[in-house]
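# Structural features, examined
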Amino acid sequence: MRDPRCQAPVDTRVAEPPRPPMDLAYIAAVLGENGVSCTIRDYPAERKGWASYKGDIVSLKPDIIIITTTIPTLERDLFSLEIAKASDREIFTVAKGPHLFYFDREIMHKDKNIDLMVWEESPIIFKELLEEDSLYKIKGITFRYNGGVVKNEKRPDENYINELPLPARYLLNNALYRTPDTDEPIAFILTGMGCPYRCIFCNSGNVYGYNVHSRDILSVADEIEVCVKDFSIK
């Protein structure tokens, strides 16, 4: 699914290359460290349709499906969860994206195919989902309980960026992400989180706070080395 940042193109026909879903790669890395087997699919970038998605549900038999959604793609993204539930009602469905902070209850009351929403940009939440014995203890989520919808409180400003493992780039189809001018493979590397600015058109600060947390330079260098050695991304 598409990266939620506003600079990321939804239409893969535009000149700017599609961005790999690094948020899902980080989530997969966190889950993988905790013994969960993950698969990442970027259907828009692969130009694959609903038939491929349905085939993957049948073949992979997932226990959980996590999607990243944006306002322009919300209707189609939620349709993917409807397909999943139609295939197997026991699949636990998770939708994530910053705009869900504002519209979580409204969307979940309207669409019964969503089991849980994550509106904080924190892969640590998914580790807590494995470890905690109650969803009430996990900040930054909205979930269903007893026929109702529960919204937990926001998370405090967290500096967890240096606690994260390197993203599970090996789960991405890296050949999909290339520069439009030379057609060479490219990598997107996260070097920090947060934004100090208060642009009126962006909800990033309202959801995540206005502090900037920078990643350790040695960790960034390690990831660059992985990109070059393992994936031939220069």
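An account of the accompanying structure is given in this report.

Reading the values: rules and limits
Residues numbered from 1 in each chain as written. Predicted model: local features only at pLDDT ≥ 70, side-chain atom pairs only at ≥ 80, totals over all residues. Heavy atoms only, no water. 1 Å grid on protein atoms, 1.4 Å probe; cavity = no way out; pocket = protein on both sides within 12 Å on 5 of 7 lines; lining within 4 Å. Points joined across faces, edges and corners; volume = space filled by probe spheres on them. Nonpolar A, V, L, I, M, F, W, Y, C, P; charged D, E, K, R; others polar. Phe/Tyr/Trp six-rings, centres within 6.5 Å; stacked < 30°, edge-to-face > 60°. Lys NZ or Arg CZ within 6 Å of the ring centre and 35° of its normal. Patch = residues over 30% accessible without salt bridge, like charges linked within 9 Å, V, L, I, M, F, W, Y side chains within 5 Å. Areas by Shrake-Rupley, 256 points an atom, 1.4 Å probe, with all protein chains shown as cover. Salt bridge = Lys/Arg side-chain N within 4 Å of Asp/Glu carboxyl O. Helix = DSSP H or I, 4+ residues; strand = E, 2+ residues; numbered from the N terminus. Pairing = 2+ DSSP bridges. Disulfide = S-S within 2.5 Å. Buried < 20%, exposed > 50% of the residue type's maximum accessible area, 1.4 Å probe, protein only.

### Observations regarding empty space enclosed by the protein
The gaps of empty space that remain are located by a probe, the size of a water molecule, rolled over the atoms. For the structure shown, the criterion picks out 1 cavity of 30 Å³ or more. Looking at the lining of the largest cavity, its residues break down into 5 nonpolar, 1 polar and 1 charged.

### Remarks on the packing of aromatic side chains
Where two aromatic rings form a pair, the distance of their centres and the angle of their planes describe that pair. Under the counting rule described, the total for this entry stands at 8 aromatic pairs. On the numbers, 5.8 Å between centres and 75° between planes, the contact of tyrosine 136 with tyrosine 145 is edge-to-face. Clustering of aromatic rings is evident, with ring pairs tying together Tyr43, Trp50, Tyr53 and Phe79. A cation over an aromatic ring shows up here: lysine 151 above the ring of tryptophan 119, its NZ or CZ 5.1 Å from the ring centre. For the cation-ring pair, arginine 198 lies above tyrosine 210, with the distance from its terminal atom to the ring centre recorded as 3.8 Å.

### Considerations on a nonpolar patch on the surface
There is a patch of nonpolar side chains on the surface, built from Ile71, Tyr102 and Phe103 and spanning about 290 Å² of accessible area. Of note, isoleucine 71 is situated in the loop between strand S1 (64-68) and helix H4 (74-87).

### A word on the pairing of strand S4 (residues 141-145)
Relative to S4, strand S3 (residues 116-118) runs antiparallel, the two sharing 3 bridges. Following the sheet pairing, valine 118 is matched in S4 by isoleucine 141. Inspection of the sheet shows S4 paired to strand S5 (residues 148-151) by 4 bridges, in the antiparallel sense. Bridged to phenylalanine 143 within S5 is valine 150. Two successive antiparallel strands, S4 and S5, enclose a turn made up of 2 residues, where asparagine 146 displays a positive phi of approximately 55°.

### Describing the state of the cysteines
Summed over all chains, the structure comprises 0 disulfides. Its sulfur unpaired, cysteine 38 is 19 Å from the next cysteine sulfur, which belongs to cysteine 227. With no disulfide of its own, cysteine 199 has cysteine 195 as its nearest cysteine by sulfur position, at a separation of 6.1 Å. The class of cysteine 199 is partly exposed, set by a relative accessible area of 37%.

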